[in-house]
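Secondary and tertiary structure notes
The residues making up each chain are set out below.
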Amino acid sequence: MLNIENLSACYGYIEALKDVTIEAKQGQIVSIIGSNGAGKTTLLRCISGQLKPVCGKIKFLGELLPAQPHKVVQRGVVHVPEGRRVFSGLTVEDNLLVGGYLLKEKELHENLKRNYELFPILKERKNQFAGTLSGGEQQMLAIARGLMSNPKLILLDEPSLGLAPIIVNQVYDLIKQIRENGVTVLLVEQNARKALNICDKAYVIENGRIKLSGTGCELLNSEEVKKAYLGG
Ligand code: ATP
């Protein structure tokens, strides 16, 4: 579904991604793990058209993805950014409606209804300003806002960051549910253990390069991964 070949990206003189090749098949959860500054967010920004790569190809369903965010969304790829970035001065419902801004009225309301079924807490809080939600609720809202446009592929950047363990479990249950609903997931995480436990395939990124890849189970059992990312 997603094929990235030999991708490199820079910020000025900083080469943040070097010759990155990864793939995600339809219906998979694919994780990218790596430490701070490894290049995970940069990879997602290239896919969603926010950063133009220096070289390489990003193909989605066999065709190149344009480097324009709104066109990438139209093609069925959404990016849920790190730090949630909900619109704190808008209500929960208005945040969701923003997520569906490309849709026609009827589909917009169908999606809103479906999202409220998937996230009952957001229905309860639909008239509340997003800034008054807890961290976990804001993460749910950020994911729900991404799902509003009916994506085929969702890019999740550090969905567990800053959340209590019990809330992290809820977010991860939701990620499984999203996959069961037919959406492919590319999951970027520093929480390597969680990400490797849930995914079908994973890549380890270090200093902008893919260092290792394998199934979640293979990487959980890799001595290198255990030492560097799972606390020995
Ligand atoms: P984190 O989990 O801390 O966000 P990351 O793996 O997502 O880490 P990136 O944010 O992709 O890493 O950063 C990769 C490299 O690019 C780092 O060296 C970072 O300092 C640099 N970088 C990221 N954004 C910018 C920017 N806007 N301008 C200049 N350098 C940047």
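Notes on the structure in this doc start here. (Residues numbered from 1 in each chain as written. Predicted model: local features only at pLDDT ≥ 70, side-chain atom pairs only at ≥ 80, totals over all residues. Heavy atoms only, no water.)

1. Focus on the side chain of N111
The line we're drawing: Runs of E in the DSSP output that reach at least two residues are strands. Runs of H or I that reach at least four are helices, and both are numbered from the N terminus. Residue exposure (1.4 Å probe, protein chains only): buried if accessible area is under 20% of the type maximum, exposed if over 50%, otherwise partly exposed. N or O atoms within 3.5 Å of each other form a polar contact, as long as, within protein, one can give a hydrogen and the other can take it, and as long as residues adjacent in sequence are counted only when both atoms are side-chain atoms. The contact rule is simple, with two residues in contact once any of their heavy atoms fall within 4.5 Å.
Among the secondary structure elements, N111 is positioned in helix α4 (residues 105–118). You can call N111 buried: its relative accessible area is 2%. Engagement of the side chain of N111 in a polar contact is seen with the backbone oxygen of M148, the distance being 2.7 Å. When sequence neighbours within four positions are dropped, the list of residues in contact with N111 reads L103, M148 and N150.

2. Some thoughts on the side chain of N115
Along the polypeptide, N115 turns up in helix α4. Among residues more than four places away in sequence, those in contact with N115 are A144, L147 and M148.

3. Some remarks on the pairing of strand β4 (residues 55–60)
Defined as follows: Think of it this way: DSSP has to see at least two bridges between two strands before they count as a pair.
When strand β1 (residues 2–11) meets β4, the two strands line up antiparallel, connected through five bridges. Residue pairing for β4: E5 is matched across the bridge by K57. Linking β4 to strand β5 (residues 63–64), which pair antiparallel, is a turn of two residues; within it L61 sits at a positive phi near 50°.

4. Considering the site of the ligand
Test applied: The cutoff for a nearby residue is simple: one of its non-hydrogen atoms must lie within 4 Å of the molecule or strand. Polar here means any residue other than Ala, Val, Leu, Ile, Met, Phe, Trp, Tyr, Cys and Pro, which are nonpolar, and Asp, Glu, Lys and Arg, which are charged; Gly is therefore polar.
By nearness alone, 14 residues border the ligand, and N36, G37, K40, T41 and T42 come closest of all. Within the backbone of A38, one N or O atom sits 3.0 Å away from an oxygen atom of the ligand. G39 is positioned such that a nitrogen or oxygen atom in its backbone is 2.9 Å from an oxygen atom of the ligand. Looking at the shell around the ligand, the elements that each hand over two or more residues are β2 (14–24) and α1 (40–47). Element by element, the count of residues in the shell around the ligand is highest for α1, at three residues. Here the residues of the shell around the ligand sort into four nonpolar, seven polar and three charged.

5. Observations concerning the pattern of salt bridges
Two side chains that carry opposite charge are able to pair once their charged atoms sit near each other. Using the following cut-off: For this document, the term salt bridge refers to a Lys or Arg side-chain nitrogen within 4 Å of an Asp or Glu carboxyl oxygen.
Counted under the stated rule, the structure contains nine salt bridges. For E137, the salt bridge goes to R125, with nearest N and O atoms at 3.1 Å. With E137 in helix α6 (residues 135–147) and R125 in the loop between α5 (120–124) and α6, this residue pair connects regions lying twelve residues apart in the sequence. With its nearest N and O atoms 3.1 Å apart, the salt bridge here joins E224 to K211.

6. Describing the sheet that holds β1
Definition in use: Whenever a helix is involved, its axis is fitted only over the stretch in contact; in every case the axis is a line through C-alpha atoms, and angles between N-to-C directions fall within 0 to 180 degrees.
In spatial order, the strands read β2-β1-β4-β5; together these four strands make up an open sheet with antiparallel pairing. Each having just a single partner strand, β2 and β5 make up the two edges of the open sheet. Against the sheet, α1 touches β1, β2 and β4, its axis set at about 115° to β1.

Don't take any of this as a statement about function, it's just geometry.
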